[in-house]
Amino acid sequence: MASTTSARSAPPATPAPAGPARGGRPLTRGGARRQAPEPRPAHARAALPAILAVAAVLFAWDIQHSAFHAFYAETARSMAESWWGFLFGSFDPGNSITIDKLPGFLWPQALSVRIFGFHPWALTLPQVIEGVLGVAVLHRAVRRWAGENAALLAAGAFALTPAIAGLFRTEVEDPAFTLCVLLAANAALRAARQARLGPLLAAGAWVGLGFQAKMLEAWAVLPALGLLYLLSAPASLRRRLAHLSAAGALCLAVSASWVLLVTFTPAQDRPYIDGTTDNSAVSQVVGYNFLNRFSNLHISAEDTGSVAVSTMAGTAPAPPTGHARPTAAQWAKMFAPSIVSQIGWLYPAAALAAVCGVVWRRGRPRTDPLRAGFALWGVWLATYFLVFSAGAIGGHTYYLGVVAVPLAALFGAGTVQFWRAWLRGGRSRAWALPTVVAGTVAWSAAIAQLFPDFLPWLAPTALGLGAVALALLVRGRAAARTRPADDGGPAAAPGPAADSGSAANPRPADGPRGKTARRRTALLGLGTALVAMLLPSAAWASSVLDPAYGHSGMGSTGPVALRHRTAARHPATHRTDTRAAHRPHRPADPDGAHRTPGKGARTAADRPYDGTALSTAQRHLLAYARAHRDGATFLFATTSWRTASPYILHAGAPVLPMGGFTGTAPTPIASGFRHLVATGQVRYVVLGGPATDPGRAIGPWVRDHCAPVPGQTYRLYRCAPGAAGDSP
């Protein structure tokens, strides 16, 4: 940060006469004509590679031992088995049912599996690449908007956010989604600078691709991007609205592409769409994956074609949809320990930066890019903050990656603005830097104290560094002052009035040596302040280097990772999602999938799968089914995807699951299953495991019409084609 006061620390401004008018476009690279960018400062050429290297280490450390994400890992393997399954996102190699989300986020993982084979690191590698690219894109976007030093601070803060360190090493939807919205923001900033349609169309396309990864959540970024262009693009209102309309149309087209593909593909030629009762991609997107998330606001997806529940098959039910009342705790969930420890270390800095960035530049021309950028990131942060507060996110801390983007951008640009205000002196704005340092450090120490047994030295160390930083800043401020400069432009070099108490009452300078020494003191204070503000977040992020914390499956770090890992190992007693169910959980049906032989003893299929490897009994069952397949499409059918999971995950076996992720998707229906048996597509059925609606409907028929296979640990039945013809 030593060169924050150098003219090289920001992109070149359009030549303009000296005076207030010069600040109209202080951080742009030129006017309507493109200009070659100036060489980057020496410290930036070294700092950015270092930040990217740190990010790569955090994201890639120990990926050879990455945990398989239940449901997603099986889907990625199935998608790698065939291009048809790849296109539709088939959960099973037999292409009977899709994943319960759009498959776009898994396309990079499936391609990686096709190239490198099915390994834990092959599934995680795409997320690592997406993460490093995300850090680089954020740096580029903030550099275009607020200069080099702000970009470096933003990239560093982003990489050292715990939720980001955990996110980009986890095989979930949000790494691809976060990268897409970052690319959209970078393109929108480029478009707004010169009112160019091409980059704005690119921004719309990137949001559409983000839709393929995270569906309607991607559209929540559109208000921020649209506001940026509408506020600051140097064009007439009609032209701006026309450009936004074109970009919005392209965004809609790209977003709807997969949904339209599914809609116009005959149902018999594609897998069943999980999460729905009507086999509709629209129902999956709008009802199951959107409206269900807001049941606490009395919003119901009951009439949209969504399945009745949104919790994993065999887990505890959620409250009924539309009957839960919003509580204060719900609206404050972004401050809950398990969330604020992953994402919230820079809340005070980002909030103050967003407010000051807009208020301090009031009265500027409409096209002022710096003010528009603060509005962009502020609206982005507020939108997702409200969406996640209103919606259900449960233990899915990897959802928070999209919140880390504006937090980091605001921190980087805000710190630079606060530093310049501190150098210029004056009471109206100089208060901001010590305020943000003191507030952020105290807030971080309070978060650290929520987990007193984890890194107990963290809070006192941060507080001590913060106190030292404030003392150094105060000591070095007088000599570090420079002549008054524009808020957005680089501060000028120290001049004769650098040590003045104010512009009106200058004090005698203490000589060049004294000014240099005290200026270095101020810079040392700034560096210490940055360490104090970023240390707690970085310490939590670095916990991913410890195998005990590095593979939570939920993108979390520190003690929160251990909590989520415990929940994952005991899913029957932990909800995997807080989305609401439409009806109460029913006990196991005595004629359904949970009935066990003998004196109530549980069979192997009823025991939870630990996700490590096939057991001896599972290998024996798989070998028997393969040896007696007799041309069947599926080796055997199971009454739950959780029972089918190990065979798909570790063997890529074409096993037919029933009920989808929740166990309530009506596939296969009883008549459809009998047709599969009659046509020889299914010859064997394994009963047991978590209860599902199709399992309850089909289980009694299997026991009545199919022959038990002796010598198997699992309850295996052989169904002859003629048995289906004898059914009513």
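Scroll up to find the structure.
The text that follows walks through the structure, step by step, so that each part is easy to find.

Remarks on the overall build of the protein chain
Each helix and strand in the protein chain was counted, giving 26 helices and four strands. Burial statistics for the protein chain: of 728 residues in total, 59% are counted as buried. For the protein chain, restricting intrachain contacts to residue pairs at least 6 apart in sequence, the fraction spanning at least 24 positions comes to 74%. Surface accessibility of the protein chain: about 27300 Å² in total, with carbon and sulfur atoms responsible for 64%.

Points about the packing of aromatic side chains
What the rule picks out here adds up to 32 aromatic pairs. Summarising the aromatic geometry, the rings of Tyr72 and Phe105 are spaced 5.1 Å apart at their centres and angled 70° between planes, so their arrangement reads as edge-to-face. One end of the pair, Tyr72, is in helix H2 (residues 72-81); the other, Phe105, is in the loop between helix H3 (83-88) and helix H4 (107-116), with 33 residues separating them in the sequence. Taken individually, Tyr72 and Phe105 each receive the classification buried, so the pair is uniform in this respect. On the numbers, 5.1 Å between centres and 90° between planes, the contact of Phe636 with Tyr647 is edge-to-face. Residue Phe636 is located in the loop between helix H22 (616-627) and strand E1 (637-638), and its partner Tyr647 is located in helix H23 (residues 641-651); the two are separated by 11 residues in the primary sequence. Comparing Phe636 with Tyr647 shows no difference in burial state: the two are buried. What links up through ring pairs into an aromatic cluster is the set Trp345, Phe451, Phe454, Trp540 and Tyr549. When the ring centre of Tyr399 is taken as reference, the NZ or CZ atom of Lys214 above it lies at 4.1 Å.

Section: the packing of helix H8 (residues 174-194) against helix H16 (residues 369-390)
The contact between H8 and H16 brings their axes to 12 Å, and the two run at 150°. Between H8 and H16, the angle is such that the two are roughly antiparallel. In this structure, H8 crosses over H16, and the sense of that crossing is right-handed. Listed contacts from H16 to Phe177, Val181, Ala185 and Leu189 of H8 are Leu376, Trp377, Trp380 and Tyr384. Among the residues making up the contact of H8 with H16, the classes are represented as eight nonpolar, no polar and no charged.

Structural notes on the state of the cysteines
Scanning the model with the defined rule gives one disulfide in all. With its sulfur 2.0 Å from that of its partner, Cys706 forms a disulfide with Cys719. Its S-S torsion of about 105° marks the bond between Cys706 and Cys719 as right-handed, since a negative value means left-handed. In this pair, Cys706 is assigned in the loop between helix H25 (693-705) and strand E3 (707-708) and Cys719 in the loop between strand E4 (715-718) and helix H26 (721-725), connecting sequence segments 13 residues apart.

Quick word on helix H11 (residues 237-263)
The periodicity of an α-helix, 3.6 residues per turn, causes residues three or four positions apart to be oriented the same way. Taking 1.5 Å as the rise per residue, H11 with 27 residues should run 39 Å; its terminal C-alpha atoms sit 37 Å apart, in good agreement. At Ser257, H11 shows its largest kink, close to 45°. Along H11, the positions that sit buried rather than exposed are Arg240, His243, Ala247, Cys251, Val254, Ser255, Trp258, Val259 and Val262. Turning to H11, the residues buried within the fold contact H3, H4, helix H9 (197-214), helix H10 (222-232) and helix H12 (281-288).

Here's the deal with the sheet that holds E4
Sheet strands pair by backbone hydrogen bonding; their relative direction is either parallel or antiparallel. Pairing is mixed in the open sheet, where four strands are placed in the order E1-E2-E4-E3. The open sheet terminates on both sides in strands that have one partner only, identified here as E1 and E3. Looking at chain direction, strand E2 (residues 684-687) and E4 are connected through four bridges and run antiparallel. Across the sheet, residue Val686 finds its bridge partner in E4, namely Leu716.

Examining the pairing of E4
The side chains of a regular strand alternate between the sheet's two faces. Note: E3 against E4, two bridges, orientation antiparallel. Bridging from a neighbouring strand, Ala707 pairs with Arg718 of E4. Linkage of E3 to E4, two consecutive antiparallel strands, is achieved through a turn of six residues, within which Gly711 is found at a positive phi near 80°.

With respect to H12
Of all eight residues that make up H12, six are buried, and the element is covered over most of its length. Three or more residues of H12 are buried, namely Ala281, Ser283, Gln284, Val285, Gly287 and Tyr288. Summarising the contacts, the buried residues of H12 are in contact with H9 and H11. The N-cap residue of H12 is Ser280: its side-chain oxygen and the backbone nitrogen of Val282 are 3.2 Å apart.

Focus on unusual backbone geometry
Comment: phi is negative for the bulk of residues other than glycine, and the bulk of peptide bonds are trans. Cis geometry marks the peptide bond from Thr667 to Pro668; its omega dihedral reads -5°. Relative to the helices and strands, Pro668 is located in the loop between H23 and helix H24 (670-678). The phi angle at Asn95 is positive, at roughly 60°, despite the residue not being glycine. Non-glycine residue Leu455 carries a positive phi angle of around 50°. You can see Leu455 is positioned in the loop between helix H18 (432-449) and helix H19 (458-480). The exposure class of Leu455 is partly exposed, given its relative accessible area of 22%.

A few points about the environment of Val709
Topologically, Val709 is positioned in the loop between E3 and E4. The class for Val709 is buried, based on a relative accessible area of 11%. In the structure, Val709 is positioned 24 residues away from Val685 in sequence and 10.0 Å away in space, judged by C-alpha atoms. Discounting chain neighbours no more than four positions away, the residues touching Val709 are Tyr624, Tyr684, Leu716, Tyr717 and Arg718.

Regarding the nonpolar core
Among the nonpolar cores identified, the biggest contains 186 residues, and Phe158, Trp377 and Trp380 are the most heavily contacted of them. No other element matches helix H17 (residues 401-424), which puts 16 residues into this core. Every residue in contact with Phe158, bar those within four places of it in the chain, is listed here: Gly134, Val135, Leu138, Ile164, Phe168, Thr178, Leu182, Gly401, Ala404, Val405 and Ala408. Ala637, Phe673, Leu676 and Tyr717 belong to the second-largest nonpolar core, a separate cluster that totals 17 residues.

A short note on the packing of helix H1 (residues 42-60) against helix H6 (residues 148-159)
As a packed pair, H1 and H6 sit with axes 10 Å apart at the nearest point and diverge in direction by 10°. Looking at the two axes, H1 sits roughly parallel to H6. For the element pair H1 and H6, the recorded crossing hand is left-handed. Note on element contacts: H6 touches H1 through Glu148, Asn149, Leu152, Ala155, Gly156 and Ala159, opposite His43, Ala44, Ala47, Leu48, Ile51, Ala55 and Leu58. A breakdown of the residues in the contact of H1 with H6 according to their chemical character gives nine nonpolar, three polar and one charged.

Looking at the pattern of salt bridges
Counted under the stated rule, the structure contains seven salt bridges. The residue Lys214 makes a salt bridge to Asp174 at a minimum N-O spacing of 3.0 Å. With Lys214 in helix H9 and Asp174 in helix H8, the pair connects residues that are 40 residues apart, well separated along the chain. Under the relative-accessibility criterion, Lys214 is labelled buried at 7%. Exposure remark for Asp174: the relative accessible area of 0% places this residue in the buried category. Among the ionic contacts, a cluster of salt bridges with common partners joins Asp174, Lys214 and Glu217.

Cut-off values and rules
All residue numbers refer to positions counted from 1 along the written sequence of the respective chain. Local features in a predicted model are, by the rule used here, given only for residues with pLDDT of at least 70; side-chain atom pairs are given and counted only at 80 or more, and totals for whole chains, interfaces and linings are based on all residues. The side-chain quantities take in all heavy atoms of the structure and omit both hydrogens and water. Under the scheme used here, helices are H or I runs from DSSP no shorter than 4 residues and strands are E runs no shorter than 2 residues, and both carry numbers assigned from the N terminus. Remark: exposure states derive from per-residue accessible area (1.4 Å probe, protein chains only) relative to the maximum for the residue type, with buried under 20%, exposed over 50%, and partly exposed in between. Every residue pair with non-hydrogen atoms within 4.5 Å of one another is taken to be in contact. Surface accessibility follows the Shrake-Rupley procedure with a 1.4 Å probe radius. Residue values consider only the protein chains on display as shielding. Aromatic contacts are taken between Phe, Tyr and Trp rings whose centres are within 6.5 Å, Trp giving its six-membered ring; a plane angle under 30 degrees counts as stacked, one over 60 as edge-to-face, and the others as tilted. A ring is scored as having a charge over it whenever the NZ atom of a lysine or the CZ atom of an arginine sits within 6 Å of its centre and within 35 degrees of its normal. Whenever a helix is involved, its axis is fitted only over the stretch in contact; in every case the axis is a line through C-alpha atoms, and angles between N-to-C directions fall within 0 to 180 degrees. Roughly parallel here means an angle under 35 degrees, roughly antiparallel means over 145, roughly perpendicular means 65 to 115, and every remaining angle is called oblique. Take the far helix as your reference; a near helix turned counterclockwise from it by less than a right angle gives a left-handed crossing, and one turned clockwise gives a right-handed crossing. Three categories are distinguished: nonpolar for Ala, Val, Leu, Ile, Met, Phe, Trp, Tyr, Cys and Pro, charged for Asp, Glu, Lys and Arg, and polar for the others, with Gly belonging to the last. The disulfide criterion is simple: two cysteine sulfur atoms within 2.5 Å. By this rule the span expected of a helix is its residue count minus one, scaled by 1.5 Å. At any given residue, the bend is defined as the angle formed between two axes, one fitted to the seven residues that end at that position and one fitted to the seven that begin there. Each pair of strands is called paired provided DSSP finds at least two bridges between the two strands. We define a polar contact as two N or O atoms separated by no more than 3.5 Å, with the added condition that, inside protein, one atom must be a possible hydrogen donor and the other a possible acceptor, whereas residues neighbouring each other in sequence contribute only through side-chain atom pairs. The nonpolar core is taken to be a set of buried Ala, Val, Leu, Ile, Met, Phe, Trp, Tyr and Cys residues, with the residues joined through side-chain atoms within 4.5 Å. Basic side-chain nitrogens of Lys or Arg form a salt bridge, by our definition, when they fall within 4 Å of a carboxyl oxygen of Asp or Glu.

The analysis is restricted to geometry; functional conclusions fall outside its scope.
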